[in-house]
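# Coordinate inspection notes
Here is what each chain is made of, one letter per residue.
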Amino acid sequence: MSSEQRFNLDDLKRADAEHHLHPFTDSKEINAQGTRVIVKADGVYIWDAEGHKLLDGMAGLWCVNIGYGRKELAEAAYRQMQELPYYNSFFQCTTPPTIALAEVLAELAPAHINHVFFTGSGSESNDTVVRMVRRYWDLLGESQKTVIISRNNAYHGSTMAAASLGGMKFMHEQGGLPLPGIVHIDQPYWYGEGGDSEPADFGLRIAQQLEQKILELGLDRVAAFIGEPVQGAGGVIIPPETYWPEIQRICDKYGILLIVDEVICGFGRMGKWFGSDYYGIRADFMPIAKGLSSGYLPIGGVMVSDRITEVLIDKCGEFAHGYTYSGHPVAAAVALANLRILREEKIVETVGGETGPYLQKRWAELADHPLVGEARGVGFLGALELVKDKSKRERYPKVGKVGSLCRDMSIENGLVMRAVGDTMIISPPLVATSTHIDELIERAKKSLDAALERIPTLDFNE
Ligand SMILES: *Cc1c(COP(=O)(O)O)cnc(C)c1O
């Protein structure tokens with residue numbers, strides 16, 4: 001059954017190097033070392049072409065919430081493809097799975113959110129939000145209200161508007177971003193930027209930058225604020241408890257729209273259906289993707305609150321925006337099957353009440369490791385801050401070196417963990433059991449030991 005027999009791995013790697021440009025990749029470097037070819041997956045495990053079995057601590061890219069290998073999703077796609085592989089939702093048409101998915105999403109979302117605009121990805125969802133926010137204020141006769149305030153080190157996707165909303169400097173530098181009208185305030189990253197302050201004070205102070213920014217720019221220009229409930233790609237940054245209530249207060253006080261990017265936090269990642277539920281945030285827009293289909297097919301959307309749809313629907317006429325694949329029937333059928341499994345198997349409740357707390361209890365043990373300055377997490381998200389000196393929160397020089405080493409050791413020990421600088425992160429499939437969690441922790445410990453042992457061999461001057 002071994003997949004190596006179906007192809008010659010060297011040929012594959014050569015063809016990949018010759019013809020395939022990878023996302024977020026140094027092609028020269030990857031072509032020299034050869035890519036890791038993943039050939040199959042089941043449950044919480046993936047296999048590479050060399051036969052290594054890895055526990056996928058990242059659920060693909062934060063998305064395979066129900067785990068790999070669920071035939072129900074394959075069958076839903078197969079049935080829908082035979083019945084109607086494609087039709088669009090433009091020009092007064094749509095398809096049954098698209099409608100059914102919109103209805104289920106309205107049921108799952110907070111009570112004041114009852115509509116969805118479908119897209120093909122999280123990035124498209126955030127581009128859509130920018131269009132909708134500006135359209136909303138325009139319809140209210142305030143077309144000068146265009147500015148969206150985001151945070152440094154946020155991640156909202158990779159298209160022009162989404163990358164602008166994101167706060168990744170290294171992305172902005174390539175391509176003249178951010179677009180005009182998108183500005184950034186600090187992120188609520190206590191471990192990295194909180195200095196000597198108490199987390200609660202820090203959370204308040206950072207949230208209050210929103211108010212300062214609104215006043216600085218002028219309320220007549222500010223349209224909205226966008227944030228991930230917990231920053232994912234930025235390094236699983238969990239805001240202090242004081243942060244979101246203060247953001248909500250400021251948005252309410254000034255009447256600016258609140259966009260809660262649920263692309264990672266949605267669909268159970270935090271042990272609730274949405275990150276907004278976890279923090280009690282009242283969003284005007286919730287961009288979604290990833291866990292919506294557990295990554296089995298690309299699909300995303302923007303969930304839109306009633307106060308917005310009242311304006312967009314009643315006053316709008318045609319909203320001149322949409323994608324060929326908005327509400328794609330096969331992707332919608334797969335998303336429906338995914339949501340049915342999440343509901344019927346009570347996967348979100350299990351993460352909230354049992355496996356999430358267990359993962360957090362075990363993950364917290366890693367804080368005892370000499371290399372770990374902080375072990376934090378919530379639901380099925382976790383982060384480890386790798387440091388040289390815990391007592392001073394002191395990093396190793398050349399941030400990223402120790403993280404990359406630890407990530408390589410982790411792969412060697414059969415666990416996919418990702419490194420963001422010197423922060424190790426996990427986001428496992430939501431179906432991981434306590435046995436899988438024990439295995440994850442054991443492998444993470446081994447990886448930390450192996451990394452610590454090899455640090456003296458690193459050349460920090462390189
Ligand atoms: C991944 C991600 C996106 C972008 O989604 P794509 O499907 O990759 O375009 C947007 N927002 C957040 C919070 C994400 O993690």
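Owing to the predicted nature of the structure, the values given are computational and were not obtained by experimental measurement. Chains are numbered independently. Their residues run from 1 in the order of the written sequence. Side-chain atom pairs in this predicted model are given and counted only at pLDDT of 80 or more, local residue features only at pLDDT of at least 70, and totals for whole chains, interfaces and linings cover all residues. The side-chain values count all of the structure's non-hydrogen atoms but skip hydrogen atoms and water molecules.

## Things to note about helix α16 (residues 401–412)
Count 3.6 residues to each turn of an α-helix, and residues three or four apart come out pointing the same way. Rules: The secondary structure listing takes helices from DSSP runs of H or I that are at least 4 residues long and strands from runs of E that are at least 2 residues long, numbered from the N terminus. One fewer than the residue count of a helix, multiplied by 1.5 Å, yields its expected span. In this scheme, a residue with accessible area under 20% of its type's maximum is buried, one over 50% is exposed, and one in between is partly exposed, where area comes from a 1.4 Å probe on protein chains only.
Here α16 is 12 residues long and its end C-alpha atoms lie 17 Å apart, about the 16 Å a rise of 1.5 Å per residue gives. Among all positions of α16, only Lys401, Val402, Gly403, Leu405, Cys406, Met409, Ser410 and Ile411 are buried. Positive backbone phi, approximately 80°, marks Gly414, located one or two places after α16.

## Thoughts on helix α6 (residues 122–139)
Over its 18 residues, α6 runs 25 Å from end to end, which matches the ideal 26 Å to within 8%, given 1.5 Å per residue. Residue Gly141 follows α6 closely and has a positive phi angle near 80°.

## What to know about the sheet that holds strand β3 (residues 53–55)
Condition: Strands are labelled as partners when DSSP assigns at least two bridges between them. Here an angle of 0 to 180 degrees is reported between the N-to-C directions of two axes, which are lines fitted to C-alpha atoms, with helices fitted over the stretch in contact. Any two residues having at least one pair of non-hydrogen atoms within 4.5 Å are treated as being in contact.
The three strands lie next to each other as β1-β2-β3, forming an open sheet whose pairing is antiparallel. Only two strands of the sheet have a single partner each, and these edge strands are β1 (38–42) and β3. Shown here is a sheet whose adjacent strand axes are inclined to one another by a mean of 30°, direction ignored. Bridging between strand β2 (residues 45–48) and β3 involves three bridges; their strand directions are antiparallel. By the bridge assignment, Tyr45 is partnered in β3 with Leu55. Strands in contact with helix α17 (residues 434–454) are β2 and β3; relative to β3, the strand with the most contacts, it is inclined by about 100°.

## A short note on the domain arrangement of the protein
So the rule is basically this: Note: domain ranges come from an automatic or database domain assignment. Two parts placed together each lose some accessible area; with a 1.4 Å probe, that loss summed over both constitutes the buried area. The term salt bridge refers to a side-chain nitrogen of Lys or Arg lying within 4 Å of a carboxyl oxygen of Asp or Glu. N or O atoms within 3.5 Å of each other form a polar contact, as long as, within protein, one can give a hydrogen and the other can take it, and as long as residues adjacent in sequence are counted only when both atoms are side-chain atoms.
Taken domain by domain, the protein comprises domain 1 (36–66 + 346–457) and domain 2 (72–344). Each of domain 1 and domain 2 has a C-alpha centre, and these two points are 26 Å apart. At the junction of the two partners, domain 1 supplies 34 residues and domain 2 supplies 34 residues. Summed over both sides, the interface between domain 1 and domain 2 buries roughly 2,700 Å², with carbon and sulfur atoms accounting for 61% of that surface. Counting across the interface, domain 1 meets domain 2 through zero salt bridges. Seen at the junction of domain 1 and domain 2, the total is 17 residue pairs in polar contact (both at pLDDT 80 or more). Going through the elements one at a time, α3 (59–62), α15 (347–365), β11 (372–378), β12 (381–386), β13 (418–420) and β14 (423–426) are the ones with two or more residues in the side of domain 1 that touches domain 2. Broken down by element, the side of domain 1 that touches domain 2 gets its largest block of residues, five residues, from β11.

## Observations regarding the pairing of strand β4 (residues 113–119)
Within β4, five of the seven residues are buried, which leaves it mostly tucked inside the rest of the structure. Relative to strand β10 (residues 300–305), β4 runs antiparallel, the two being bridged by six bridges. Bridging across to β10, Val116 finds its partner in Met303.

## Details of the site of the ligand
Short version of the rule: We call a residue near a molecule or strand as soon as one heavy atom of that residue lies within 4 Å of the molecule or strand. Exposure was quantified through the Shrake-Rupley algorithm and a 1.4 Å probe, taking into account, for residues, occlusion by the shown protein chains and nothing else. In this classification, Asp, Glu, Lys and Arg are treated as charged, Ala, Val, Leu, Ile, Met, Phe, Trp, Tyr, Cys and Pro as nonpolar, and every other residue, Gly included, as polar.
The immediate surroundings of the ligand are formed by Ser121, Gly122, Ser123, Asn126, Tyr155, His156, Gly157, Glu228, Asp261, Val263, Ile264 and Lys290. Take Gly122: an N or O atom from its main chain is 2.9 Å from an oxygen atom of the ligand. Note that an oxygen atom of the ligand is positioned 2.7 Å from one of the side-chain N or O atoms of Lys290. Here the ligand has 380 Å² of accessible area as a free molecule, and 84% of this is covered by the chains. Tallied by class, residues from the shell around the ligand come to three nonpolar, six polar and three charged.

## Focus on the packing of aromatic side chains
Definition in use: Each Phe, Tyr or Trp ring, with Trp reduced to its six-membered ring, pairs with another whose centre is within 6.5 Å; inter-plane angles below 30 degrees give stacked pairs, above 60 give edge-to-face pairs, and intermediate values give tilted ones. When the NZ atom of lysine or the CZ atom of arginine is within 6 Å of a ring's centre and also within 35 degrees of its normal, the charge is said to sit over that ring.
Applying the stated criterion across every chain yields a total of 12 aromatic pairs. Ring centres of Phe117 and Phe319 lie 6.2 Å apart, and the angle between their planes is 75°; on these two criteria the pair is classed as edge-to-face. Of this pair, Phe117 sits in strand β4 while Phe319 sits in the loop between α13 (306–316) and α14 (329–344), and the two are 202 residues apart along the sequence. Assigned by exposure class, Phe117 and Phe319 land together as buried. Plain terms: the ring middles of Trp190 and Tyr191 are 6.5 Å apart, the flat faces sit at 70° to each other, and that makes the pair edge-to-face. In this structure an aromatic cluster arises from ring pairing among Tyr86, Tyr87 and Tyr325. The ring of Tyr45 has Lys53 sitting right over it, with the charged end atom 4.2 Å from the ring centre.

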